[in-house]
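# Coordinates in review
Chain residues, written in single-letter form:
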Amino acid sequence: MAELSTIARPYAVAAYKLGKEKKALAKWSEMLAFAAAVASDVYMKTLIDSPKLNAADIEAAFLKVGGDNLDDHGQNLIKILVEYGRLSLLPAIAEAFEALKAQDEGTLDAEIIAAAKLTAAQTKDLVKRLEAKFGKKIEASVSVDPEIIGGIKIIVGDTVIDASVQGQLQNLAYTLTA
């Protein structure tokens, strides 16, 4: 099965293109954040997953909760997602939309995963190197995952730089079995 982000991306691209065309990226950002929060709500998830409700009931309930927070284009997106049973993709769509918006604004989000806590100087140096590599401002989030054993793993958009011991071991295992 395809990964959620892969399925969500075309919806995010369509929303982004429409928002850019209408000069309403900020409005789309707000609408998608709101819709993602609604779709993530425990009660709404129960409603969405209920076998007792048909698509029209789910659509009506979601749009009623959305109220004035969704313009006509936002409501159309909700209708399409309900029709195809993809309402649960809203958080991934919002995330992909924000990534497209940030890329357009000249910033990229980077997820830095280290085996041990990085110092502020190490993080600053790493961000500086990433900015030089990608030619854009980098907004980095740093996390610690001892399971990567040693080294670091960096995810910037679709690019993954895996300099972790775990990654190297996986590559070695793949090479040996191929």
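Residues numbered from 1 in each chain as written. Predicted model: local features only at pLDDT ≥ 70, side-chain atom pairs only at ≥ 80, totals over all residues. Heavy atoms only, no water.

### Section: unusual backbone geometry
In plain terms, the rule: In this description a helix means any DSSP run of H or I spanning at least four residues, a strand means any run of E spanning at least two, and both kinds are numbered starting from the N terminus. To sort residues, take the accessible area from a 1.4 Å probe on protein chains only and compare it with the maximum for the residue type: under 20% means buried, over 50% means exposed, and anything in between is partly exposed.
In this model, Lys23 sits at a positive phi of 55 degrees, which is unusual for a non-glycine residue. In this structure, Lys23 sits in the loop between α1 (4-21) and α2 (25-40). For Lys23, a relative accessible area of 76% translates into the label exposed. We note that Ile149 has phi near 70 degrees; this positive angle belongs to a residue other than glycine. Checked against the element boundaries, Ile149 lands in the loop between β2 (137-144) and β3 (151-156).

### Quick word on the sheet that holds strand β4 (residues 159-164)
This is how it is decided: Two strands qualify as a pair provided DSSP detects at least 2 bridges between them. Axis definition: a line fitted to C-alpha atoms, limited for helices to the stretch in contact. Angles are taken between N-to-C directions and run from 0 to 180 degrees.
The strand order β2-β1-β3-β4 describes an open sheet built from four strands, whose pairing is mixed. The sheet is open, and its two borders are formed by β2 and β4, each paired with just one other strand. Each strand axis lies, on average, 15 degrees off the axis of its neighbour in the sheet, ignoring direction.

### As for the pairing of β4
Of the strand pairs in this sheet, β3 and β4 are connected by six bridges, and their pairing is antiparallel. Note that in β4 the partner of Ile154 across the bridge is Ile161. Linkage of β3 to β4, two consecutive antiparallel strands, is achieved through a turn of two residues, within which Gly157 is found at a positive phi near 60 degrees.

### Focus: helix α6 (residues 90-104)
Let me state the cut-off plainly: Any helix carries an expected span of 1.5 Å times its number of residues minus one. Note on contacts: a residue pair qualifies if any of its non-hydrogen atoms lie within 4.5 Å across the two residues.
When the terminal C-alpha atoms of α6 are compared, their 21 Å separation across 15 residues agrees well with the 21 Å that a helix rising 1.5 Å per residue should span. Among the residues of α6, those classed as buried are Leu90, Ile93, Ala94, Ala96, Phe97, Leu100, Lys101 and Ala102. For α6, the secondary structure elements touched by its buried residues are α1, α2, α4 (55-66), α5 (72-83) and β1 (107-114). Gly106 occupies a position one or two residues after α6 and carries a positive phi of about 90 degrees.

### Some details on the packing of aromatic side chains
What counts, and what does not: Pairing of aromatic side chains requires ring centres within 6.5 Å, counting the rings of Phe and Tyr and the six-membered ring of Trp. Pairs whose planes differ by under 30 degrees are stacked, by over 60 edge-to-face, and all others tilted. Placement of a positive charge over a ring is assigned whenever Lys NZ or Arg CZ falls within 6 Å of the ring centre and within 35 degrees of the normal to the ring plane.
If you walk through the whole model with that rule in mind, you get one aromatic pair. With a centroid separation of 6.1 Å and 65 degrees between ring planes, the pair formed by Tyr16 and Phe97 is classed as edge-to-face. Placement of the pair is Tyr16 in helix α1 and Phe97 in helix α6, with a sequence separation of 81 residues. Its end group placed over the ring of Phe134, Lys133 keeps NZ or CZ at 5.8 Å from the ring centre.

Function-wise, these values are silent; they only describe arrangement.
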